[in-house]
Amino acid sequence: MGALPSKASYTPMSHHHNILQEVVKSSSVEDSLVRSYGRSFNGFTAKLTESERDNLSGMEGVVSVFPSTFYKLLTTRSYEFMGLGDKSKQVPEVETNTIVGVIDGGIWPESKSFSDEGIGPIPKKWKGTCAGGTNFTCNKKLIGARHYVQDSARDDDGHGSHTASTAAGNKVKGVSVSGVAKGTARGGVPLGRVAVYKVCEPAGCNAEGILAAFDDAIADGVDVITISMGGGVTKVDVDPIAIGSFHAMTKGIVTTVAVGNDGSKLGLASNLAPWLISVAAGTTDRRFVTDVVNGDGKTLHGRSINDFDLKGKKYPLAYGNTASNNCTEELARGCASGCLNTVQGKIVVCDVPDNVMEPKSMGAVGVILHVTDVDSPGLGPIPVATLDDTNYDAFRSYVLSSPNPQGTILKTETVKDNNAPIVASYSSRGPNTLFSDILKPDITAPGVNILAAYSPLGQTALPGQSVDYYFMSGTSMACPHAAGVAAYVKTFHPDWSASAVKSAIMTTAWAMNASKNAEAEFAYGSGHVNPTVAVDPGLVYDIAKEDYLNMLCSLDYSAKGISTLAGVDFTCSEKSKLTMRDLNYPSMTAKVSASSSSSDITFSRTVTNVGRNISTYKPKLTGNPKLSITVEPQTLSFKSSWEKKSFTVTVSGKSLAQISGIVSASLVWSDGSHNVRSPIVVYT
């Protein structure tokens, strides 16, 4: 039902009861009303028949009615890789008042990452509560907890603790997994506060709880929200994440989201609303290499977290298919349950990426697995190595052709990856299928092999062994990194709008290499987060709430629905409509078709000076020579802070005739010390 009415006499619960009484045609609605929202925005969840739903949809003041679907959940080195370390500039007195809200699967409050050592009193602005359930205690670090599923805010699978500590965990020295990747685990704002909102359980994350969490988090006083989940591509007026984050944005709260883990096929990115920071997952410069050596002495490079030391001793090798006589070939090649014979004391070779326990139960001393995705190395209770297609095929050929195949698995070594950052193969790609002229993802952050806090109740590859810290990979891990960076920027600029913080992060990002990521900006957005530079961007692209609403006017959203969503009377007029291309977005994107390829493309933008009072910026264009681009004016001169200047970027229609797929360039406004970079993307 959009924003809360401004009338002091308005009571959301009473209004919701009255509406439901009319819809279900009964004075008693206790069996229908599930949850009422009324702290930060207006709405409710109810059990309705289809006809009741249809009646409710047509009532005055209702923006949208949609089913409560389930959404799915999508380190010691990562912040150092981004340039944010112990020697980086901080504003401790502001950082300690910065609150990160984590909407996820709960938290393990006893983790050292949530210790309040060195942290002062709880900020006076905090309006939340610690309602974590039985035997759940908050402190000056973990200042708030709520749960909307189960009977506790306690994390029982590790995901929520991992994301919370990545965003705002305290510094913890000596963290590792089996001695690998030893170092200091930390969040983006180690002195910042954490408030958790548990909405996920084994079945998924319910839309009803997600909306309730946003309603509470906004009213509780958080500064940044991180939510690592998605439900596919959904229109913004029926998407709880888009709705909740819109209301957060109007209060200056930044929301970071994951784009999803659906792989490199184009157009599968989710969480596409322009007021969200949508985050892709990238690699860091730390790679874990576990070599495999065959009996001929040939070394093949594999991946895993292996702290077991076989001391170079070679063991007999057994291939799943030839070590079985009672299974189909497909099951045998994968070393399926009940298929393996005579593997005692051998290293077993399996065609699958994740079968360790069956070989171990049959007495194997190690396992070599086949993976197509080497972004996430394996970990197991016996020596494990994973090989990519080329290396696995070579190793299996040796096993099958040798009369007495032997080999060994070496201990993991940590090496520097000079190719980083590269977008992970699983990270979902654009283009934006809801708003075709808005680039998504927005940004890339570390999301591969992230070591962070974990729940002792969470599953690991080490049966019977609980861990306090563990490796996880996914855009779920990238999202809280971006939240940590947003919180870090807000410690320097606590009064900046959500769009200004987002602009600072996007325009200062490291430019990434299209030769390493075939999908280019559809994979990595504006580039890789660069936190220490983001605090001083020079210029920002600010976007007001009304700008988003004017853009929705130009699409198929009704003026009535927009008015209710915004909480103000809003009229869509031809004069006020704003095209997607002209939304003051930090990146510039245009989808073109063959019929329109002869027309010029123009982007109108306005930048706000947040750097030196007196400064002059000049544009520099780089990128694909196929695009003929002009910028007017050629100089932006500022005489004071917060002064605004407008410009246009025009892509010549004649240069578009031969375009196929994605073609990109970039515009950099520079005053000699600041470089404000925006990608320009044109695609068919």
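Residues numbered from 1 in each chain as written. Predicted model: local features only at pLDDT ≥ 70, side-chain atom pairs only at ≥ 80, totals over all residues. Heavy atoms only, no water.

### Overview of the overall build of the protein
Here is step 1 of the chain: Secondary structure assignment for the protein yields 16 helices and 35 strands.
Here is step 2 of the chain: The C-alpha radius of gyration computed for the protein amounts to 27 Å, which stays within 12% of the reference 26 Å derived for 684 residues, consistent with globular compactness.
Here is step 3 of the chain: The buried share of the protein, taken over its 684 residues, is 59%.
Here is step 4 of the chain: Entry remark: accessible area of the protein is about 26500 Å², with carbon and sulfur atoms responsible for 49%.
Here is step 5 of the chain: Averaging the positions of the 61 positive and the 63 negative side-chain charges in the protein gives two centres separated by 6 Å. (Helix = DSSP H or I, 4+ residues; strand = E, 2+ residues; numbered from the N terminus. Rg over C-alpha atoms; globule rule 2.2 N^0.38 Å. Buried < 20%, exposed > 50% of the residue type's maximum accessible area, 1.4 Å probe, protein only. Areas by Shrake-Rupley, 256 points an atom, 1.4 Å probe, with all protein chains shown as cover. Lys, Arg positive; Asp, Glu negative; His and termini not counted. Charge placed at Lys NZ, Arg CZ, Asp CG, Glu CD.)

### Quick notes on the state of the cysteines
Here is step 1 of the chain: Under the definition given, this model contains 5 disulfides.
Here is step 2 of the chain: Covalently, Cys130 is tied to Cys138 through a disulfide, its sulfur atoms 2.1 Å apart. Negative torsions about the S-S bond denote left-handed disulfides, and the value of about 85 degrees found for Cys130 with Cys138 makes this one right-handed.
Here is step 3 of the chain: On the basis of relative accessible area, Cys130 is assigned to the partly exposed category, the value being 34%.
Here is step 4 of the chain: With a sulfur-sulfur separation of 2.1 Å, Cys200 is cross-linked through a disulfide to Cys205. (Disulfide = S-S within 2.5 Å.)

### Here's the deal with unusual backbone geometry
Here is step 1 of the chain: Geometrically, the link from Gly430 to Pro431 is a cis peptide bond, its omega value of 10 degrees lying close to zero.
Here is step 2 of the chain: Take Pro431: it is sitting in the loop between β23 (413–416) and β24 (443–446).
Here is step 3 of the chain: Look at the link from Lys440 to Pro441: it is a cis peptide, with omega at 0 degrees.
Here is step 4 of the chain: Summarising the element assignment, Pro441 is placed in the loop between β23 and β24.
Here is step 5 of the chain: Residue Lys25 is not a glycine yet carries a positive backbone phi of 55 degrees.
Here is step 6 of the chain: Note on placement: Lys25 falls in the loop between α1 (12–24) and β1 (33–37).
Here is step 7 of the chain: Phi at Asn449 is positive, roughly 55 degrees, even though this residue is not glycine.
Here is step 8 of the chain: Among the structural elements, Asn449 can be located in the loop between β24 and β25 (450–453).

### Here we look at the nonpolar core
Here is step 1 of the chain: In this structure, Met229 and Ile505 are the most contacted members of the largest nonpolar core, which totals 124 residues.
Here is step 2 of the chain: Per element, the largest residue contribution to this core is 10 residues, and it comes from helix α11 (residues 475–492).
Here is step 3 of the chain: Grouped together as the second largest cluster of nonpolar side chains are 26 residues, Phe603, Ile629, Val651 and Leu656 included. (Core = buried A, V, L, I, M, F, W, Y, C linked by side-chain atoms within 4.5 Å.)

### A few points about the sheet that holds strand β13 (residues 254–258)
By definition, the strands of a sheet pair up through backbone hydrogen bonds, in either a parallel or an antiparallel sense.
Here is step 1 of the chain: The 7 strands lie next to each other as β5-β8-β4-β11-β13-β14-β24, forming an open sheet whose pairing is parallel. Strand pairing shows two members of the sheet lacking a second neighbour, β5 (142–147) and β24, which therefore form its edges. The average angle at which neighbouring strand axes cross in this sheet is 25 degrees, direction not considered.
Here is step 2 of the chain: Taken together, the 3 bridges between β13 and strand β14 (residues 277–282) define a ladder with parallel strand orientation. What sits directly across from Val257, in β14, is Ser278. (Pairing = 2+ DSSP bridges. Axes fitted to C-alpha atoms, helices over the stretch in contact; angles between N-to-C directions.)

### As for the environment of Gly312
Here is step 1 of the chain: Tracing the sequence through the fold places Gly312 in the loop between β16 (299–305) and β17 (315–319).
Here is step 2 of the chain: Along the primary structure Gly312 and Lys411 are separated by 99 residues, whereas in three dimensions their C-alpha atoms are 9.1 Å apart.

### With respect to the domain arrangement of the protein
Many authors give the size of an interface as the accessible area that is lost as the parts come together.
Here is step 1 of the chain: Entries for the protein in the domain assignment read domain 1 (2–58), domain 2 (77–285 + 421–535), domain 3 (289–416), domain 4 (544–572) and domain 5 (583–683).
Here is step 2 of the chain: Domain 2 and domain 3 are separated by 35 Å when their C-alpha centres are compared. (Domains from an automatic or database assignment.)

### Some thoughts on the packing of aromatic side chains
Here is step 1 of the chain: Inspection of the entire model under this criterion finds 11 aromatic pairs.
Here is step 2 of the chain: Each ring, one from Trp275 and one from Tyr548, has its centre 5.5 Å from the other, and the planes form 85 degrees; the classification is edge-to-face. Highlighted residues: Trp275 in the loop between β13 and β14 and Tyr548 in helix α15 (residues 545–553), separated in sequence by 273 residues. Note on accessibility: Trp275 and Tyr548 belong to one class, buried.
Here is step 3 of the chain: Note that Lys235 overlies the ring of Tyr557, its terminal NZ or CZ placed 4.7 Å from the centroid. (Phe/Tyr/Trp six-rings, centres within 6.5 Å; stacked < 30°, edge-to-face > 60°. Lys NZ or Arg CZ within 6 Å of the ring centre and 35° of its normal.)

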